[in-house]
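Spelled out from the first residue to the last, the chains are:
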Amino acid sequence: MKPITKVIQIAAIGLGIVGMVGGLMWLFRPHPSLKTGKPGGDAALVDPSLKLTDVDLEQADEKGNLLWKIKAKQAVYNRDKREGTIVSLKGELYQDGKVAFKISADKGAIKGDGKVISLVDNIVAVNVKDEVELKGKEMEWQTQTNLLKLKNKFIATHKTVTVTGNEGQYFSKKKQAELVGEIVAQVKEPKLKMTTEKLNWDLEKQQLETVAAIVIERRVDGDLLDRATAEKGSYNLKSKVATLNKTVQVTLAKPEVKLTGDELAWDIGKQFIIANKPLEAYGASEQMTVNADKGEYWVKDKVAILTGNVRGTSQKNSSTIATDKLNWFLEKQEFEATGSVVYRQPNPDPKNPITNLVGKSAKGSLTNEQVTIEGGPNADDRVVIDIVPNLSTP
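What you see is a predicted model; the values in this text were computed from it and never measured.

Describing the pattern of salt bridges
Counted by the stated rule, this structure contains 13 salt bridges. Residue Lys151 pairs with Glu140 through a salt bridge whose shortest N-O separation is 3.8 Å. Here Glu140 lies in strand β9 (residues 132-142) and Lys151 lies in strand β10 (residues 147-157), a separation of eleven residues in the sequence. Linked through salt bridges whose partners overlap, the residues forming this network are Lys193, Glu217, Arg219 and Arg227.

Notes on the environment of Thr145
Its place among the elements puts Thr145 in the loop between β9 and β10. Looking at Thr145, its side chain comes within polar contact range of the side chain of Gln142, at 3.3 Å.

Some details on the environment of Val163
Its location among the elements puts Val163 in strand β11 (residues 161-165). For Val163, a relative accessible area of 0% translates into the label buried. Expressed as a C-alpha distance, the spacing of Val163 and Trp201, which sit 38 residues apart in the sequence, is 9.7 Å. Leaving out residues up to four positions away in the same chain, Val163 has contacts with Phe154, Ile155, Ala156, Leu179, Ile183, Val184, Ala185, Leu199 and Trp201.

Considerations on unusual backbone geometry
With omega at -5°, the peptide bond leading from Glu189 into Pro190 counts as cis. Here Pro190 is to be found in the loop between β13 (176-187) and β14 (192-202). Cis peptide bonds are those with omega within 30 degrees of zero, and the linkage from Lys254 to Pro255 qualifies with -10°. Residue position: Pro255 is located in the loop between β19 (241-252) and β20 (257-267). One non-glycine residue, Asn146, lies in the positive phi region at around 55°. Note that Asn146 resides in the loop between β9 and β10.

What about the pairing of β11?
Within a regular strand, the side chains alternate between the two sheet faces. With burial as the criterion, only one face of β11 is covered, namely that bearing Val161, Val163 and Gly165; the residues Thr162 and Thr164 on the opposite face remain uncovered. Alignment of β10 against β11, held across four bridges, turns out to be antiparallel. If you follow Ala156 over to β11, its bridge partner there is Val163. The turn joining β10 and β11, which pair antiparallel and follow one another in sequence, is formed by three residues. Examined bridge by bridge, β11 and β13 share four bridges and lie antiparallel to one another. The partner of Thr164 across the bridge, within β13, is Val184.

What counts, and where the lines are drawn
- Residues numbered from 1 in each chain as written.
- Predicted model: local features only at pLDDT ≥ 70, side-chain atom pairs only at ≥ 80, totals over all residues.
- Heavy atoms only, no water.
- Salt bridge = Lys/Arg side-chain N within 4 Å of Asp/Glu carboxyl O.
- Helix = DSSP H or I, 4+ residues; strand = E, 2+ residues; numbered from the N terminus.
- Polar contact = N/O pair within 3.5 Å; in protein donor to acceptor, adjacent residues only side chain to side chain.
- Buried < 20%, exposed > 50% of the residue type's maximum accessible area, 1.4 Å probe, protein only.
- Contact = heavy atoms within 4.5 Å.
- Pairing = 2+ DSSP bridges.

Encoded structure:
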């Protein structure tokens, strides 16, 4: 079986011409005023370029499957360079014989015997299946790899998020994008902003994942409510959960609470934060810090639940509490502790003693130094109160 020969087909008004040029199949209609010389004539010997206006162009692979179709106001094909330039274009880019992108641009170029389409200025490329609209100044479609390269700044808009950045690669077949340089992702619901230098976008999993430092901000009516930073992290657009790793810090407003640790999961939809690794919680209004092996914070209720080796310290008066579990009600500035409670209340007055209280449960406020201890360690469950003299008395 003979191999398929690719040709240029020129259909002019009142004129039919067939010629082989550069391995491209171009179908177009020149403007009636265009003067076209016959192939092999004097014009072809003097000028290696073929210029046409109001053209329809298309390219197919060896099996006859379309690779792209483009309409342009003007097309110029250079036989020596084996590439064409096009002006004011609209068209379609194909993947496996089906439309992958609908495109438009001010200018473009057809390179590598039709294997590469370059687009320049006022570009709009819409991925039909993923429903992503891409805008930018420079893009390049590679037919063999189904890859759209984004250059010189871009805007990617989806119903769930809008992403801007400097450069990127959109793998149409994999439904994935790798984006780099001043990346800003504006999530639409709930409204929040993610900034990073490198972002991987999995459209099928609806997942945004960073491989660089990340900042997440949530604002309401322009006011910053919540802010999170980490060395890396991810956000799922469907579950609305941000997973943050390494040097994590989440700051929440009203009241101001700061959570730090190596790994935090922030459910922004349900307004819930959980840490399965050691963390530190700080309440600004109480000036109180609590460390624990793990914990969770309910943003709406303003309640922190901390478990395992819990250690709380008040910066106002240096009161401390150690326990197995601590429920911290930040709005009320109160706590409830259970399991092996040890409360220590130092007094700055050298004439007064330092108080240690031991029990099975406690409740109160470290800041106000009002604490009730219940269930002592003795058999009769009496509370044990140790009065320790302040040895720093002169």
